[in-house]
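Coordinate analysis (summary)
Next come the chains, spelled out residue by residue.
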Amino acid sequence: MSSHTARADSLSLLLFTLRSGKLMAINLLKVSEIIPCPPLTKMPESHPHVKGIAVLRGASLSVIDLSRAIGEQPLLDPAGGCLIVTDVSRSKQGLHVQSVSKIIHCLSTDIRPPPYGSGKRSYITGVTQVDGVIVQVLDIEKVIHGITPARVEATPPALSPEEAQLLANARILVVDDSQVALQQSVITLRNLGLHCHTARSAKEAIERLLELQGTPDQINVLVSDIEMSEMDGYAFTRTVRDTPDFAHLYVLLHTSLNSAMNSEKARLAGANAVLTKFSSPELTQCLILAARTVTEQGY
């Protein structure tokens, strides 16, 4: 089992700039449309990073001042620029940016982890190069979480005795390169009374699987993000399925992308299920199904 031999998936990135002119990117699958910045209505007591509300085809859309949200200088023309309309984690929002550059196509292996020392305040999940220029991949989930945090149930859900017993048999590894998303999943698991292991990349997850193999904490359920630098969730799943010692693992791909768009690709990669972030009740039900499956299979 190697973190260096997985097949890579293609990836399309939309490149854009803020006031500084540095190139940033977002997965094109998260983009619904790109439009000139329309008139905005400022809402009272709204978050300071929300510029206002736009009306698109009769529906309201919150517009995020991306420059302010990630700690950059505001745009020179507050009414200029354009909106990148995104569909992420079950919600739509507009990102106000300086300009959109172009779309590039690359491999998931072309995306490298953020430089060491980027810090917890960093809003990037990876970096790549385009024509010799560094491009930073935006952590849009972290931006959204800073404005409207996903709701994580504060009280444990009511579980039947059978469900509680099933979950007690689950030994879970959560893999996500977004600290925010990872924390959300871990809180849900803790509310279920579960201890879990975590990893911030597929490479780290492979190392953890090998480390725990043959111990009482040997993993039987993987909960993995899809979008990750170096090796994405699809390649990670295929690597697991191609490794005899781990081929039996239950794999739940947990993604901010629309799961309906990714279900077939997830199935072809060998995943057992795919779920759109973030819903604590739905994640709980997926974990119960995973625990039931591994228990019935004797793992």
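Chains are numbered independently. Their residues run from 1 in the order of the written sequence. Whole-chain, interface and lining totals are the exception, using all residues; otherwise, since this is a predicted model, local features are given only for residues with pLDDT of at least 70 and side-chain atom pairs are given and counted only at 80 or more. Note that water and hydrogens are dropped before the side-chain values are worked out from all heavy atoms of the structure.

1. Here's the deal with the domain arrangement of the chain
Operational definition: Each domain span listed reflects an automatic or database assignment of domains. Should any heavy atoms of two residues lie within 4.5 Å, those residues are considered in contact. Buried area: the accessible surface (1.4 Å probe) lost by two parts on joining, summed over both. One speaks of a salt bridge when a side-chain nitrogen belonging to Lys or Arg is within 4 Å of a carboxyl oxygen belonging to Asp or Glu. In the analysis that follows, any N or O atom pair within 3.5 Å is treated as a polar contact, provided that within protein one partner can donate a hydrogen and the other can accept it, and provided that, for residues neighboring in sequence, both atoms belong to side chains. Runs of E in the DSSP output that reach at least two residues are strands. Runs of H or I that reach at least four are helices, and both are numbered from the N terminus. Residues were grouped as follows: Ala, Val, Leu, Ile, Met, Phe, Trp, Tyr, Cys and Pro as nonpolar; Asp, Glu, Lys and Arg as charged; and all remaining residues, including Gly, as polar.
Considered domain by domain, the chain is made up of domain 1 (10–146) and domain 2 (161–297). On the domain 2 side, the residues contacting the 18 residues of domain 1 number 18 residues. The junction of domain 1 with domain 2 conceals about 1,500 Å² of combined surface from both sides, 48% of it contributed by carbon and sulfur atoms. In this structure, the connection of domain 1 to domain 2 is made through 3 salt bridges. Across the pair Glu 230 and Arg 112 runs a salt bridge, and its minimum N-O distance is 3.0 Å. Seen at the junction of domain 1 and domain 2, the total is 12 residue pairs in polar contact (both at pLDDT 80 or more). It is helix H2 (residues 140–147) that contributes the most residues to the side of domain 1 that touches domain 2, 3 residues altogether. For the side of domain 1 that touches domain 2, the residue count by class is 4 nonpolar, 7 polar and 7 charged.

2. Describing the sheet that holds strand E3 (residues 31–36)
Two orientations exist for strands paired in a sheet by backbone hydrogen bonds: parallel and antiparallel. Put simply, the rule is: Following DSSP output, two strands are said to pair if at least two bridges run between them. Lines fitted to C-alpha atoms define the axes here, with helix axes fitted over just the stretch in contact, and angles between the N-to-C directions of these axes take values from 0 to 180 degrees.
Pairing within the open sheet is mixed, and its 5 strands lie in the order E3-E6-E7-E5-E4. The open sheet terminates on both sides in strands that have one partner only, identified here as E3 and strand E4 (50–56). Between one strand axis and the next, the sheet turns by 30° as a mean value, whatever way the strands run. As paired elements, strand E6 (residues 82–88) and strand E7 (residues 91–97) share 7 bridges and run antiparallel to each other. Across the sheet, the residue bridging to Ile 84 is Leu 95, located in E7. Packed on one face of the sheet, H2 meets E4, strand E5 (59–65), E6 and E7 and runs near 90° to E6.

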